[in-house]
Each structure stands twice: as structure tokens, then as C-alpha cells.
Protein chains: 2
Amino acid sequence: MVVCSIMALIIQKYGGTSIGDLQKVDAVATRIIQAKKLGNKIVVVVSAMAGETRRLDNLAKQITPQCNPRELDALLVAGEQMSVALLAIALINKGCPAVSLSGSQLGIITDSNHNAAQILKIDPSNILQVLDSGKICVVAGFQGVDANGNTTTLGFEGSDTTAVALAAALQADECQIYTDVPGIHTGDPKIIPQARQLENINIQQMLELSGLGAQILHHTSVAIAEKHKVPLKVLSSATGDGTVINHDNGNNYNFSVISGIACNKKQMLVTAKNINYKLSNNIISQISARDITIDMLTLEQSALVFAVDSLFKAKINNIYNDFLVTDGLAKISVVGSNLRSDAKIINTIFATLDSLEIEIKICSTSEMRISILIDTIYLEQAVNAIHGAFNLAELEEIITA
Amino acid sequence: MVVCSIMALIIQKYGGTSIGDLQKVDAVATRIIQAKKLGNKIVVVVSAMAGETRRLDNLAKQITPQCNPRELDALLVAGEQMSVALLAIALINKGCPAVSLSGSQLGIITDSNHNAAQILKIDPSNILQVLDSGKICVVAGFQGVDANGNTTTLGFEGSDTTAVALAAALQADECQIYTDVPGIHTGDPKIIPQARQLENINIQQMLELSGLGAQILHHTSVAIAEKHKVPLKVLSSATGDGTVINHDNGNNYNFSVISGIACNKKQMLVTAKNINYKLSNNIISQISARDITIDMLTLEQSALVFAVDSLFKAKINNIYNDFLVTDGLAKISVVGSNLRSDAKIINTIFATLDSLEIEIKICSTSEMRISILIDTIYLEQAVNAIHGAFNLAELEEIITA
């Protein structure tokens, strides 16, 4: 694509709370027009207005909890269809020509895995036509169509995925994800009051964080951004401040960097004792076949141990009769780069929790994160203590040289 | 199309009040399944749930009363998109396979006249594919796409048009329009308590009635049904009873038949006195250019006289300074066939109103209707008296031999 030298192509994504009512839609329209007036081409991706997707989902679930997946998708996309049209009406009303696109107009072709479809292909011709006519293109997030024209959705928070995938397909100069929290923090500000906003974060670390329950960016969207090197920013829809996600390879540094702390509540620790290789293989293949996501898997002294979301309790218990299950746990993950090579970091975590007499049920380490499981009741105390021990509220990311 | 001899293709259309809540959606699903179990192929056309289109329209109008027409269409179609998906979920939940289609999936191609688009072409391949797989096809009414894939809507009550146009394109054996009133009556039951339900009505008379404010069927849909000889029924969604609209040519009879009485409130009588041929031509061409619908036009003794909906008051006053405008009138139309040739009918109307001392402001007659304008305050009294004078509550349509 040829981009005029002074004109950037910018993707802006606004979530449901950013356009939660008509007043907020108006504020978002004003922000978009500011970016447009700087001479940029703008594609805006929007979610459904806050609460709308839940309202539609509730209607369907009142008929049956086991909705037909195709029809549930056909129902849910109406939420985004409304919000793109309303935002386009608001933009046009402010004198700024705009065109909304949704459904098959988007050119987003997915597989047929309803409710959690994967994008296969993007035909950006409709979007480019709108941009070339000098108008703002307002795009419905979360949705696509399969090869047969059936409506599909990209799963929870799929609008992030829409934005990043379009940024990749259009080779956008910048993909801006606007949220109601001001950028990426060293931890969840609701749990850790001292959490500090990061000015920068490495994409690999963002990938770990988004996979660990840090609900800022949809994990799939970060993976697409990493693969296609999409220039990504997470910004506050109130202030416009936020975090730049960079594509430098953190592993080039020979010191450890901690970016932040992620938490997952409602975790279970599952142990199968006295098992052999064949049985453990069988258990793992059954877990995989049932689409259960597990974490922190270890196999030691004839025992298979892993962490799993409590959501999967019933499914897990069906696999093997003799599982020992400890429920009511929380996972704390310290995310950064070069972590495994630095024993000081593990030591700091252990010493901090030991001083609080909080028991670590299990610990696992990798290049980019150290995760532990503890009792959920200690979660708040533990993450704040770890956040403080690494001085994350103060330091500019470099922990040990 | 080849239809198996024992299997009929039936189009059923349900309006917003018929599917006003999930309980009603459930009842409609039950009725559809009954028809399916008789061995029929079923296409169901649905409107948005009652109040939904108004809710969406209000949201847009809160931003600006002058909405961009394309974006208003993109917004409004979400209403039908929700109702088709919910009905499909309800059908599937009752064990009856169903597929919803909306937007570009429908194959309904219109012109680009947003908010009041005309159907240009129907590609029924998606619908036929659903039917051939033995499933019920649930179709979003009111909407189409133009040649460039932009979403369009067919105007007020456009779902009737969708149903009849699909019936024509699919050569359906029957098109059933379900409403919350039991079929076509000799007059509006809300105004005329004695109004009788008609078992049959001729399509030309239905065309007159629907063009005269009888809000049972969208006028465009009746016109399409007449042109393509669509077998049409208007049925109560509560009881399944209703009126058959037949395609016999009423003019073959040499006696007068009255089918019913239609009313239009909020009419104005407009008079331009002392005008010449050139000026009257100029006025009429300006009326046409402004898309104003007029009725009962007469040109007599240098005076141009016509009736027009009060809606157009501002537009009318812009055309000619010296119009004499009488507002607050109502139009009563007696609709039937062979009416002009029978002076008894006109005489009955005049004598009835004269006995009540109700002044007739203007009267016009045609082959299929006699219309009069009176003060709106006398409307109820007048229509009930005329309905009684023609004994419409009792007689089986034939008035004079």
C-alpha cells in the first residue's frame, strides 16, 4: 500500500464502556475528528455499547442455555451493528463524512468455528474505498463471515482482534486501543493501588500478560500484533495517555526486566499421584481433546501436577477418578524477560511470601514469567507485597543488572 | 421451481407485536412447527420485536433529527437481525432445524434509495439451499442491500413487502401475513365496533384499501401481490383465522360490491382560486417534484382543489402563496368495485351524512372508491353511520344488483 508521506493510516479501537451512552459516543467522535484533522486516514473499530452484548446474550439464554452457535452469532453481532451506525451518524452530524461497515461488508473472512472464529483472510477493498474517498471508516468489531457468508464472532473481546488484524492487513502506521483504564500497568490497579502505568512494554511480555488474565488486551490480538509487528498502543479514552507496545526483542538484554504482575483468581491445583508415563499421556490427551486450558504442568516422582481454571472442574473430574483437587487458589505471575536466569527474582518472591507466612502451593518458571499458586484469600496481600518488593511503583523496569 | 406434489411452499410473515416478547416468540415457533409438520416447506419473514425499531430510531434522532439515510438504515436493520436469530434459536430449541438469514445473505437487491428502497432483484439461492436441507428459513424483513452491498430498508411496514416479494420470487403456494388483528374488516374495528371480518376480498379492492390508510398491509406489498398474482392471506396470529385475498377480476361482475370503509385522519383541503391552466400545471409539477402525495384532485371553474395529508402543510405552503387551506379534516373512503356506475351508493352516503347534519367538504368518485372529506370531529359518527347504512356488518358484500 502506498501511504502519502505526511498522511498516516491509524486504526482506533473503542470498547463498550468508551461508547457506553450517546454522550460518550459524542466524545469519541470528537477524538476521532481530532486525529482526522491532523491529516490522517482513520479506521475506527468499535465494540457494542456497554451491556448490549450481555442483554442480547441473556435474551437467547432465556430461550435455552444451549443456544445454536450459528444463531447466537447472528444475534450478538447486532450489538456492534448498532454502535457503528450510531458513531457514523454522530461523526456525520459533526460535519465529518463517515461510512459504517459491518457483516459481509467488512471483508473479514473467518473459519466456521462459531462463537470463537479465527480470521483466515481479510479483503480490505471496501475499507480502502471508504478511506480513498476521504471518509472515516467505522468498522464493527468482533464479527466476520465464513466462506459461505454465515455470520461469525471472534470470541470474548474480539474487537481487539479485529483492530489488530485490520492494522496488519492495511499495514497501518499505528493501532490505538482505547480503554477505560489508562494503559498497561505493573499490575491490576483495582488490586494493587501502587500499580504504575508503563510507558513501554515489550510485545512478548504483553503476550504473557494477556495470556495470564490481565484483561487489557485480548490475547489473540496481541499474538497477531506480535506476528505481524503491528505498531500498537493502549490508550485511555479519557486522557489519550497510555502505553506503547514495542517490538524490540527483550532477550537482547543480558539483564532481567520485570514488566508487571498478573493475577488469575478461581484456580485449582490438580494432582494425579502414582501414575506411569502411559497414564499421564492419556490424561494429557484427554485434557487436550476437551479444550481445557491448563498451566504450570509438571511431572515429578510419578505425580502429574497442573493448574487449571475452576471453570473446568466438572470436565476435569470426568477424566480421571483419582485426581486430588485443591480449589480456591489464585495464580500470581511475575512477567518480564530473562527471568529464569536470575535466581534473585525467584528468591525475592519466596522470601516476600515467607515473611507473610503465605504458603506457595506450586511454582513454575519460564524465560518470561514466574508463576505461583496461593490461597485466594491472600491474593491482595501477596501481590501488593511482591509489587512492593520489586519496587515496581518506582523503578523504570530494570530490576537487576 | 419444482414443488413436490404433496409439499407446499408457504411464506409466513409475523409483525412486531406477534413476536413482541419471548413468550410470543415461543407461540409463533409453535405455529410454524405445526405448518412444517404438515409436510410444507416454510419461509418465515419477521419484523423487529415491537418497539425495537422505534428504540433504535430514537437513539439516532437523539444525535440528530437529520440522520444520514445510509447509516439510519444500517442502524435499523439490527432490529430484524435480532428477531430472526431469536426465532431460529426458539425453533431449534423445539427440535426443529432452522437457519436465519439477514442482510446480504437474503439475496434481496434493492435500489440505493435509503429508508424507502425498492426491490430490484431477488436471488433466492440461499433460501432455497436452506429449504432443500429440510430446514425452516427465518428471513429478516424490511431490509435488503443495494448493488454495492450497502444496507437498505424498504420503508414503513416493509416486512410485508419482503414476504410478498419472496413469495413471488419463490413462486410460493401461499403467502400468509399474520397480524394482531383477525384479518381484513369492513372498517377499522377500533373506530367501527360493528365492522365485520371479510372472508374474501378482491386484490384490487385491497390495493385501494391499503392505499387509503387501512394499516393492515403495506401498500407496496399489495401492489407486488397483484402484479405477480401471489396467493395472499391475512391471518390473526392468535387464532389463525383471517381473510383470503383473491385475484378474481371484480370488474367482471355487473353489480356493485362494497368491501369496506377506510379512514384517513389529519387531512387538509387545499384550494387555489382564480388560476389559469399554466399556473395549475406549475403547481402540480411542483407538488410532484416535492414528493407530496395528493388525492381527490379536481380542477373546476378556475379553481384547483385537492386533499393532502397535514404532514405536508409546510411543503404545500411553500408552493403557492394564495392557497386556501382547511385543516382538521378526515377522509372517508368507501371501497369496492363498479361503484361509479351506481348512483344509489353515492346517494346513500350523502343522505346518511345529511340526516346527521354533517357537511361534505368535497367528494370524488372512481371505479373502485368513493371518498369524501368531513370535519375530523364527526369521523367516528359518520363512518359508523355509513357502515350501518350499507349494512356491512351483515351483508356478504353484494350491495346492489
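About the thresholds
Residues numbered from 1 in each chain as written. Chains lettered and ligands numbered in written order. Predicted model: local features only at pLDDT ≥ 70, side-chain atom pairs only at ≥ 80, totals over all residues. Heavy atoms only, no water. Helix = DSSP H or I, 4+ residues; strand = E, 2+ residues; numbered from the N terminus. Rg over C-alpha atoms; globule rule 2.2 N^0.38 Å. Buried < 20%, exposed > 50% of the residue type's maximum accessible area, 1.4 Å probe, protein only. Contact = heavy atoms within 4.5 Å. Areas by Shrake-Rupley, 256 points an atom, 1.4 Å probe, with all protein chains shown as cover. Pairing = 2+ DSSP bridges. Axes fitted to C-alpha atoms, helices over the stretch in contact; angles between N-to-C directions. Least-squares fit on C-alpha atoms with pLDDT ≥ 70 in both. Domains from an automatic or database assignment. Expected span 1.5 Å × (residues − 1). Core = buried A, V, L, I, M, F, W, Y, C linked by side-chain atoms within 4.5 Å. Buried area = accessible area lost by both parts, 1.4 Å probe. Salt bridge = Lys/Arg side-chain N within 4 Å of Asp/Glu carboxyl O. Polar contact = N/O pair within 3.5 Å; in protein donor to acceptor, adjacent residues only side chain to side chain.

A short note on the overall build of chain A
A count of helices and strands for chain A gives 11 helices and 19 strands. What you see for chain A is a C-alpha radius of gyration of 23 Å, in line with the 21 Å of a compact globule of 401 residues. Taken over the C-alpha atoms alone, chain A extends approximately 65 × 50 × 35 Å along its principal axes. When each of the 401 residues of chain A is scored for burial, the buried share is 54%. At a minimum sequence separation of 6, the contacts of chain A that also span at least 24 residues come to 74%. Here chain A displays about 17400 Å² of accessible surface, and carbon together with sulfur accounts for 49% of that area.

Topic: the sheet that holds strand β10 (residues 200–202) of chain A
All names here are of chain A. Strand order in the open sheet formed by 8 strands is β3-β6-β2-β1-β9-β11-β12-β10, with mixed pairing between adjacent strands. Edge positions in the sheet fall to β3 (98–101) and β10, since each has one partner strand and no second. Pairs of neighbouring strands in the sheet enclose a mean axial angle of 20°, with direction left out of account. Here strand β1 (residues 9–14) pairs with strand β9 (residues 174–179) via 5 bridges, running parallel. Each bridged residue has a counterpart across the sheet, and for K13 the counterpart in β9 is I177. Along the sheet face, helix α1 (residues 22–37) touches β1, β2 (41–46), β6 (136–140), β9 and β11 (232–236) and points at about 170° away from the line of β1.

Overview of the relation of the copies chain B and chain A
There are two copies of the chain, and a rotation about an axis plus a shift along that axis relates them. Least-squares fitting of chain B to chain A yields an RMSD of 0.1 Å, with the transformation described by 0.0 Å of translation along the axis and a rotation of 180°. Those values place the two copies in the arrangement expected of a two-fold rotation axis. Looking at the rotation axis and the C-alpha trace of chain B, the residue lying nearest is A78(B), at 2.6 Å. By residue overlap, the copies meet face to face through one surface: 100% of the interface positions of chain B are interface positions in chain A.

A look at the environment of D21(A)
Residue and element names in this part refer to chain A. In this fold, D21 is placed in the loop between β1 and α1. Its relative accessible area of 34% is what places D21 among the partly exposed residues. Residues D21 and M49, 28 residues apart in the sequence, show an inter-C-alpha distance of 7.1 Å.

Things to note about unusual backbone geometry
For F142(A), which is not a glycine, the phi torsion comes out positive at approximately 80°. In this fold, F142(A) is placed in the loop between β6 and β7 (143–145). Backbone geometry places Q171(B), a non-glycine residue, at a positive phi of 50°. Examined against the element boundaries, Q171(B) turns out to sit in the loop between α5 (158–169) and β9 (174–179). With relative accessibility at 53%, the residue Q171(B) sits in the exposed group.

Some remarks on the domain arrangement of chain A
Annotation of chain A at the domain level lists domain 1 (9–180) and domain 2 (256–400). For domain 1 of chain A and domain 2 of chain A, the distance between their C-alpha centres works out to 35 Å.

A few points about helix α8 (residues 277–289) of chain A
Quick reminder: α-helices carry 3.6 residues per turn. Residues three or four places apart thus point the same way. In this model α8(A) runs 18 Å from its N-terminal to its C-terminal C-alpha over 13 residues, within 8% of the 18 Å that 1.5 Å per residue would give. At the exit of α8(A) stands D291(A), carrying a positive phi of roughly 55°.

Let's talk about the nonpolar core
In terms of nonpolar packing, the biggest core is built from 82 residues, with L87(A) and L87(B) touching the most fellow members. Those residues in contact with L87(A) that sit more than four places away from it in its chain are V25(A), V28(A), A29(A), I32(A), V44(A), V46(A) and V138(A). Listed in part, the 42 residues of the second largest apolar core include L9(B), A167(B), A225(B) and V335(B).

Some points on the interface of chain B and chain A
Facing 36 residues of chain B, the contacting portion of chain A comprises 36 residues. Surface buried jointly by chain B and chain A totals about 2800 Å² across both partners, of which 64% is contributed by carbon and sulfur atoms. On the chain B side of the contact with chain A, I63(B), E71(B) and I89(B) bury the most area, a combined 22% of that side's loss. Put simply, chain B and chain A have 2 salt bridges between them. Of all the secondary structure elements, the ones that give two or more residues to the side of chain B that touches chain A are α2 (52–63), α3 (69–93) and β3 (98–101) of chain B.

Section: the side chain of T153(A)
All names here are of chain A. With respect to the helices and strands, the residue T153 is situated in strand β8 (residues 151–153). Residue T153 is classed as buried on the basis of its relative accessible area, which comes to 2%. Separated by 2.7 Å, the side chains of T153 and D73 make a polar contact. Non-local contacts of T153, meaning those with residues more than four positions away in its chain, are made with D73, V77, N115, A116, A117, F142 and Q143.

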